[in-house]
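# Understanding the architecture of this molecule
Each chain, letter by letter, is given below.
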Amino acid sequence: MNLGSLAGLLSGTIMYGTPLLYLTLGEIIGQRAGMVNLGLEGIMLVGASVAFAVSVETGNLWLGIGAAALAGAAFNLLYAYLAVSRGANQLASGLALMFFGIGISSMIGRPYVGQGTVGLQRFQLPGVTSIPGVSATMFNYDAIVYLAVPLAFLIWVALFRTRWGLSLRAVGESPSAAFAAGRRIGWIRYQAALACGLLAGIAGAHLSIALARTWTEGMTGGRGFIAVALVIFSKWHPLRAIVGALVFGGAVTLELQLQAQGVGVSPFLLNMLPYVLTLGVLLIWSGARRYSAPGALGRVYQGEE
Amino acid sequence: MSFSDVMTRISRSRWASEVARYALVLTIALLAYAVVLLLAGKDPLRALTDTASYTFGTWLGFSEVIVRMIPLLLTAIAVALPSRLGLINVGGEGQLYMGAWLATYAAITFTSLPPGLFIPLLVLFGFVGGGVWASVAGYFRARGLVNETITTLLMNYIAPLIVGFFVYGAWRSREMGASAFPQSIAFPDAARLPRFLGTRIHLGFVLAVVLLIAFWFVFEKTKWGLEMRAIGGNADAARRLGINLGLYIVIVMFIAGGIAGLAGMAEVSALHGRLRAGFSPGFGFTGFLISWLAGGSAGGMFAMSFVLAVVLSAGSLLQITQGVPYAATNVLMALILFIVLMRPKLLGRLS
């Protein structure tokens, strides 16, 4: 493998890892508050279709991303209403949201099938190319990519270094204790769900207007579920999520590069790579050390309301 | 017994109130769906009359609803069975594909068998295909490595790729005209499940109903059912009963996956006569919702799979008559779920 394809592998890993990082960070916030959300797939699809539709209509990609973030947050409010206010089963609420997202996004995106966009503008951070050994192609990304890692740090700080984060984690660990300490459990969970929806919406937007630059039905291809797996892999920690997202991004890029180079392996087998790798990573990691899942994760429906 | 006595009995029976609840859920969901159709610029009233006159007005339409019910019912049982042990199997879709895959292997390998042997063989291979696929997730869970929810979910995305690999590769049909639409070579006639009454209703329906009754019988009438509920998520209870919980989990997942595998086998053998890539439009996921909506009760699963089969049939019909995208069916399905999840007082115990 020559240096050019190595650079391609690196930049592809970062590009494909980015939406997954947003998605995983969103799910971490939700799960830290005690909510498993299997509806990420649906939120992401809604984000992707809304972002594409809005940016085609207005010609402004940032407007598209903003609309996707809002749509994602609004969409996830449905989940929060069911799982928090109505005390419904979280897994079923999530899957219902997934079905809703598949249906709604296909109706939103229908007029735009086959169209393309210019793609989110890429730029180089000043001074990067002066570092020896770094080629220009290696560091040329859009703003969403540049913001991804700082965002992970920001969420880490918010979760582990602020009172808000402490409350949120308390709600996820032991709602009754948090309640006794005067925290408003429902309100905190709604906040977490809003943040999760916002991030998943942005993830969808990045997929449709920066990566694929087109809209196709069901284009997320299970990324929502992979993100749930990566949350377990990252042990509910925002910074470890970066590693998880890069592993997935690397797998997708490797798959695409191998296909492009025409290796004699069936594309079907190569397409399995991200899923198999995610499963493998999950197995190795969880086998080595014990889980550190939030105490009340998934049990919210029996909870305090 | 007078007529009014009978009526009182019916109105007091659990069965009648269950039916009333399901009817109510369907009515509310249809109203909400009408709003979605209006927003999409379609005529909801025509959509409703089209659906009703097709599914309930014609024998063909009604028989197609029953055909749709078969994979839904089987994958629902595949979810309900492990749920009694506290296991969450969201992998019905993948198990369905693997059942179809292994059954196809049998169908195109042992081509000279007579029907009397071929059908049991297909049932066996379909069952094993889905069963082994599910027991992988069961094994990881039993060893305490990974939760079965996430493994079964991810494996849903791998199984269709395995099918695709074979359908586009080794098993691809080389017949004239077949190249445009990749599919496996055709099953021999002896490997086609029999159909009944001049419709597409096939042996899979009998399998599904028999399994549903068996499911009901085991959990209502035998000590195994009680035992499973007792040890569900309670390792201590299992130890006291002298049960190897890990093995138990793997076996239950194997049986559940096998039942979902039968759904895939029946689809390809009875309906298509070939293996096709992407032949299931998410039956396994719908099966999960059915089992969940019915609270894992046998009668409820039968009723809910009928309701959702009507929904899916309406989806294909409206796509043709009104150009409503098939994915809009997902909207209706989600609306039904939302209503049940919201648990309005009217619905009472249903959820």
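Given the structure is predicted, the values throughout are model-derived calculations rather than measurements. (Residues numbered from 1 in each chain as written. Chains lettered and ligands numbered in written order. Predicted model: local features only at pLDDT ≥ 70, side-chain atom pairs only at ≥ 80, totals over all residues. Heavy atoms only, no water.)

## A look at the overall build of chain B
In terms of regular secondary structure, chain B is built from 14 helices and zero strands. Traced from its N-terminal end to its C-terminal end, chain B shows the element sequence α-α-α-α-α-α-α-α-α-α-α-α-α-α. Computed over the C-alpha atoms, the radius of gyration of chain B is 21 Å, within 12% of the 20 Å expected from 2.2 N^0.38 for a compact globule of 351 residues. As displayed, chain B has an accessible area near 14900 Å², and 67% of this comes from carbon and sulfur atoms. Between the centroid of the 25 positive side chains of chain B and the centroid of its 13 negative side chains there is a distance of 4 Å. (Helix = DSSP H or I, 4+ residues; strand = E, 2+ residues; numbered from the N terminus. Rg over C-alpha atoms; globule rule 2.2 N^0.38 Å. Areas by Shrake-Rupley, 256 points an atom, 1.4 Å probe, with all protein chains shown as cover. Lys, Arg positive; Asp, Glu negative; His and termini not counted. Charge placed at Lys NZ, Arg CZ, Asp CG, Glu CD.)

## Focus: the overall build of chain A
Of the regular secondary structure elements, chain A holds 11 helices and zero strands. Walking chain A from its N terminus toward its C terminus, one meets helices and strands in the order α-α-α-α-α-α-α-α-α-α-α. Long-range contacts, defined as pairs at least 24 residues apart, comprise 78% of the intrachain contacts of chain A with a sequence gap of at least 6. Of the roughly 11900 Å² of accessible surface on chain A, 66% is carried by carbon and sulfur atoms. (Contact = heavy atoms within 4.5 Å.)

## Some details on the environment of B:A16
Its location among the elements puts B:A16 in helix α2 (residues 14-39). Using a relative accessible area of 19% as the deciding quantity, one classes B:A16 as buried. (Buried < 20%, exposed > 50% of the residue type's maximum accessible area, 1.4 Å probe, protein only.)

## Here we look at the interface of chain B and chain A
Listed as interface residues are 41 residues of chain B and, on the opposing side, 47 residues of chain A. Together, the buried faces of chain B and chain A total about 3700 Å²; carbon and sulfur atoms form 83% of this surface. Put simply, chain B and chain A have zero salt bridges between them. Linking chain B with chain A are one residue pair in polar contact (both at pLDDT 80 or more). Taken together, the elements giving at least two residues each to the side of chain B that touches chain A come down to α7 (148-167), α12 (283-293) and α14 (328-342) of chain B. Among the elements that take part in the side of chain B that touches chain A, α7(B) stands out by supplying 12 residues, more than any other. Grouping the amino acids of the side of chain B that touches chain A by side-chain chemistry returns 32 nonpolar, eight polar and one charged. (Buried area = accessible area lost by both parts, 1.4 Å probe. Salt bridge = Lys/Arg side-chain N within 4 Å of Asp/Glu carboxyl O. Polar contact = N/O pair within 3.5 Å; in protein donor to acceptor, adjacent residues only side chain to side chain. Nonpolar A, V, L, I, M, F, W, Y, C, P; charged D, E, K, R; others polar.)

## What to know about the packing of helix α5 (residues 143-160) of chain A against helix α8 (residues 185-212) of chain A
Residues and elements named next belong to chain A. Look at α5 against α8: their axes get within 12 Å of each other, and the N-to-C directions meet at 160°. Taken together, α5 and α8 sit at an angle that is classed as roughly antiparallel. In this structure, α5 crosses over α8, and the sense of that crossing is left-handed. Taken together, the residues of α8 that come into contact with α5 (itself represented by I144, V145, L151 and I155) are L199, I202 and H206. Looking at the contact of α5 with α8 residue by residue, the classes come out as six nonpolar, one polar and no charged. (Axes fitted to C-alpha atoms, helices over the stretch in contact; angles between N-to-C directions. Parallel < 35°, antiparallel > 145°, perpendicular 65-115°, else oblique. Left-handed = near helix turned anticlockwise from the far one by under 90°.)

## As for the side chain of B:T75
Residues and elements named next belong to chain B. Locating T75 in the fold gives a position in helix α4 (residues 59-83). The class of T75 is buried, set by a relative accessible area of 0%. At a separation of 3.5 Å, a polar atom in the side chain of T75 contacts the main-chain carbonyl oxygen of F283. Residues contacting T75, with those up to four places away along its chain left out, are G92, L96, A260, A263, F283, G284 and G287.

## Some thoughts on unusual backbone geometry
Residues and elements named next belong to chain A. Within the chain, R213 stands out as a residue other than glycine whose phi angle is a positive 55°. With phi around 50°, K235 is a residue other than glycine that occupies positive phi space. Residue K235 is classed as buried on the basis of its relative accessible area of 11%.

## A short note on helix α5 (residues 92-109) of chain B
Between its first and last C-alpha atoms α5(B) spans 26 Å; for 18 residues at 1.5 Å apiece the expected length is 26 Å, and the two agree. For α5(B), the buried fraction is high: 16 of the 18 residues fall into the buried class. (Expected span 1.5 Å × (residues − 1).)

## Quick look at the environment of A:G119
Residues and elements named next belong to chain A. Tracing the chain through its elements places G119 in the loop between α4 (90-109) and α5. Assessed through its relative accessible area of 9%, G119 is described here as buried. In the structure, G119 is positioned 87 residues away from H206 in sequence and 9.4 Å away in space, judged by C-alpha atoms. Beyond its immediate chain neighbours, meaning those up to four positions away, G119 contacts L61, I209 and R213.

## A look at the packing of aromatic side chains
Residue and element names in this part refer to chain B. Evaluated as defined, the whole model comprises 22 aromatic pairs over all chains. Centre to centre, the rings of W59 and F62 are 6.3 Å apart; their planes meet at 25°, and the pair counts as stacked. Taken together, the residues W59 and F62, both in helix α4 and three residues apart, mark about one turn of the helix. When its relative accessible area of 48% is taken as the criterion, W59 is described as partly exposed. Residue F62 is classed as partly exposed on the basis of its relative accessible area of 28%. Relative to W171, the ring of W101 lies with its centre 6.2 Å away and its plane at 20°, an arrangement referred to as stacked. Taken together, the residues W101 in helix α5 and W171 in the loop between α7 and α8 (203-221) connect sequence positions 70 residues apart. Side by side, W101 and W171 carry an identical accessibility label, which is buried. Aromatic rings pair up to connect F56, W59, F62 and F306 into one cluster. Above the plane of the ring of F219 lies R84, whose end atom (NZ or CZ) is 4.5 Å from the centre. (Phe/Tyr/Trp six-rings, centres within 6.5 Å; stacked < 30°, edge-to-face > 60°. Lys NZ or Arg CZ within 6 Å of the ring centre and 35° of its normal.)

## So, the pattern of salt bridges
Residue and element names in this part refer to chain B. Tallying each qualifying case throughout the model produces three salt bridges over all chains. The salt bridge involving D50 is made with R46; its shortest N-O contact spans 3.8 Å. With D50 and R46 both in helix α3 (residues 44-55), this residue pair falls four residues apart, about one helical turn. The class of D50 is buried, set by a relative accessible area of 18%. Here R141 ties to E148 by a salt bridge, and the two come within 2.8 Å at their closest N and O atoms. Residue classification places R141 among the partly exposed residues on the basis of a relative accessible area of 28%. On the basis of relative accessible area, E148 is assigned to the buried category, the value being 2%.

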